[in-house]
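# Geometric and topological summary
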Amino acid sequence: MIARISTCQYRVLIAGGCYGGLSAAVNLLEKCDTLDSPISVDITIVDERDGYFHIIGSPLAMASKEYAEKAWVEYKHVKVLQRPNVTFVQGTVTDVDCEDKRATIVDRRTQKTRVESYDFFVAATGLRRVWPVVPQALTREAYLKEVGAHCDRVLNSTAPILVVGGGAVGIEMAAELKHTKPSLQVTLAHSRDKLLSAEPLPDMVKDCALELAEQAGVDVLLSHRLASSTPITTSADDGSQLLYEVEFTNGHKMVASEVITAISNSIPTSGYLPRDALDADGYVNVRPTMQLPAGVPNAESHFAVGDMIRWSGIKRCGGALYEGKIAASNVHEIMLQQHQQLDDDKEPDLMQLTEFPPMIGLAVGNSGISYGAEGMNHGPQVMKVFFEDDLGFRIVWDHLRLGGATA
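Residues numbered from 1 in each chain as written. Predicted model: local features only at pLDDT ≥ 70, side-chain atom pairs only at ≥ 80, totals over all residues. Heavy atoms only, no water.

### Regarding the layout of surface pockets
Taken as a whole, the second largest pocket holds about 170 Å³ of empty space. Taken together, Leu60, Glu176, His179, Thr180, Gly365, Asn366, Met383, Glu388, Asp389, Asp390 and Leu391 make up the lining of the second largest pocket. Examining the composition of the lining of the second largest pocket, we find that three residues originate from one element, helix α5 (residues 168-180), more than from any other. A breakdown of the residues in the lining of the second largest pocket according to their chemical character gives three nonpolar, four polar and four charged. (1 Å grid on protein atoms, 1.4 Å probe; cavity = no way out; pocket = protein on both sides within 12 Å on 5 of 7 lines; lining within 4 Å. Points joined across faces, edges and corners; volume = space filled by probe spheres on them. Helix = DSSP H or I, 4+ residues; strand = E, 2+ residues; numbered from the N terminus. Nonpolar A, V, L, I, M, F, W, Y, C, P; charged D, E, K, R; others polar.)

Structural data, given as structure tokens:
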């Protein structure tokens, strides 16, 4: 049974302003704006960053200052959400009281704590990823300095650049460096005998990733586990130069200008949610409706989407976008039942997420790989369809209508 609320002005609090969170916000606003049954809603989006960062584009942002400028858009410039009933707060949600429907937020600018009441809550804060898998800066200004300094170092390297970790991020990071500046020597080292070894993908996909990486000019070292990386200073005509003496557990040694660790070891940012909603690893247990488990107080009003949830399949942007859409649809459906005073005995007709089979889209320089139910495809045409020339920035931006006219 859906609980009644005494006001028709709904308050929705969304924690996280990337793919899942923005998808939930945009889709909910679209549904509430319908002419035949409009619903008044106020949305507050809380994010640690001051803008939307296209995480898929991180490997290219770490290789191109020009692209880095594009990949981070301050929330005040996300036009579709510039409306009186949408508020952005740069801060961190530290606690959610599901029973009282109150969230504790630490404002980044003032460092003051505030308590926000809500009718519906959507958790979409994703995973905590380390540098340099994603930038660590929280403002666009600091981000441009952070990635700019990184680009200066790697693009001016004289010795090989070593990227450690042959997952999707490592492959894309190595390939983007080589694609951005073909004269660079780029080596990708992976501890296992196959790239993408942690993913539930057939060997043909992993072998194709290796072939495309090598075709892109990346030197790939399989079965090479990093043992040590020791800074050394060498003399050069223009002064001393900092390099790294690298040794692997198999005894192989090399000298590198930079050692880039592309092993994310990501952890869910779910500490603000009730322990009963989480699994042993901190991922959020959700029902197919994206709602929290039934044992959580007011579970029907609390949702979680994106990389932080425990669900089948490989973590992907497309999955987060769709989960945000499901959450928005279901929040709206519950609002409709409350707003229109429908029969209490009738359960709302909620959308449900089905299991995700293993699927992936991978950018490797000017080529790409896709794998899913239809099988595997690869080549420049795959890159164009899945990523275009900006690692999918325009595709996602337009899908969410983020540059749309102000409402």
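### Some thoughts on the sheet that holds strand β7 (residues 113-117)
Pairing is mixed in the open sheet, where seven strands are placed in the order β7-β6-β5-β2-β1-β8-β18. Two strands bound the open sheet, and with one partner strand each, they are β7 and β18 (302-304). Across the sheet, the mean angle from the axis of one strand to that of its neighbour is 35°, orientation sign disregarded. In this sheet, strand β6 (residues 102-107) lies alongside strand β5 (residues 86-97) in antiparallel orientation, the contact comprising six bridges. From the neighbouring strand, Asp97 faces β6, where its bridge partner is Arg102. (Pairing = 2+ DSSP bridges. Axes fitted to C-alpha atoms, helices over the stretch in contact; angles between N-to-C directions.)

### Brief notes about the environment of Ala15
For Ala15, the position within the fold is in strand β1 (residues 9-15). Sequence separation of Ala15 and Val89 is 74 residues, and the distance between their C-alpha atoms is 9.6 Å. Not counting residues within four places of it along the chain, the set of residues in contact with Ala15 comprises Val46, Val93, Phe121, Val122, Ala123, Ala124, Thr125 and Tyr272. (Contact = heavy atoms within 4.5 Å.)

### Some remarks on empty space enclosed by the protein
This structure, assessed with the given rule, holds one cavity of 30 Å³ or more. Reported here for the largest cavity is a volume of approximately 90 Å³. Around the largest cavity, the lining residues are Gly306, Asp307, Trp311, Ser312, Gly313, Ile314, Lys315, Arg316, Gly319, Ala320, Glu323 and Phe356. Residues that form the lining of the largest cavity fall into these classes: four nonpolar, four polar and four charged.

### Comments concerning the nonpolar core
Grouped together as the largest cluster of nonpolar side chains are 119 residues, with contacts concentrated most on Tyr52 and Met335. Here this core gets 10 residues from one element, more than from any other, and that element is helix α7 (residues 317-339). Apart from residues no more than four positions distant in its own chain, Met335 is found in contact with Tyr10, Val12, Leu28, Cys32, Ile39, Val41 and Phe120. The next biggest cluster of nonpolar side chains, apart from the first, holds eight residues, and it includes Leu162, Leu221, Val246 and Ala256. (Core = buried A, V, L, I, M, F, W, Y, C linked by side-chain atoms within 4.5 Å. Buried < 20%, exposed > 50% of the residue type's maximum accessible area, 1.4 Å probe, protein only.)

### Here we look at the pairing of strand β21 (residues 375-379)
When strand β20 (residues 367-372) meets β21, the two strands line up antiparallel, connected through five bridges. Paired with Ser370 across the two strands is Asn377, which belongs to β21.

### What to know about the environment of Ser329
Of note, Ser329 is situated in helix α7. Note: C-alpha distance between Ser329 and Val255 (74 residues apart in sequence) is 54 Å. If near-sequence neighbours (up to four positions away) are discounted, Ser329 is found in contact with Lys31 and Met351.

### Quick notes on the side chain of Asp307
By the element assignment, Asp307 lies in the loop between β18 and α7. Taking the relative accessible area as the measure of exposure, Asp307 reaches 15% and is therefore buried.

### Brief notes about the confidence of the model for the protein chain
Averaged over every residue, the pLDDT of the protein chain is 94; residues scoring 70 or more account for 95%. Long-range and interchain partners of residues 1-7, a stretch whose pLDDT sits below 50, account for 17 contacts in this model, where long-range means more than four residues apart. (pLDDT = per-residue confidence, 0-100.)

### Looking at the pattern of salt bridges
Within the structure shown, the criterion is met by 16 salt bridges. Between Glu141 and Lys145 there is a salt bridge; the shortest N-O distance is 4.0 Å. Within this pair, Glu141 and its partner Lys145 are both found in helix α4 (residues 140-155), separated by four residues, close to a single helical turn. The class of Glu141 is exposed, set by a relative accessible area of 58%. We note a salt bridge from Asp398 to Arg394, for which the minimum N-O separation is 2.6 Å. Linking Asp398 with Arg394, this pair stays in helix α9 (residues 393-399), spanning four residues, or about one helical turn. Connected through salt bridges with shared partners, the residues Asp279, Asp281 and Arg310 form a single ionic network. (Salt bridge = Lys/Arg side-chain N within 4 Å of Asp/Glu carboxyl O.)

### Regarding helix α1 (residues 19-32)
Along its 14 residues, α1 runs 20 Å from first to last C-alpha, staying within 8% of the 20 Å computed at 1.5 Å per residue. Every buried residue of α1 is listed here: Tyr19, Gly20, Gly21, Leu22, Ser23, Ala24, Ala25, Val26, Asn27, Leu28, Leu29 and Cys32. (Expected span 1.5 Å × (residues − 1).)

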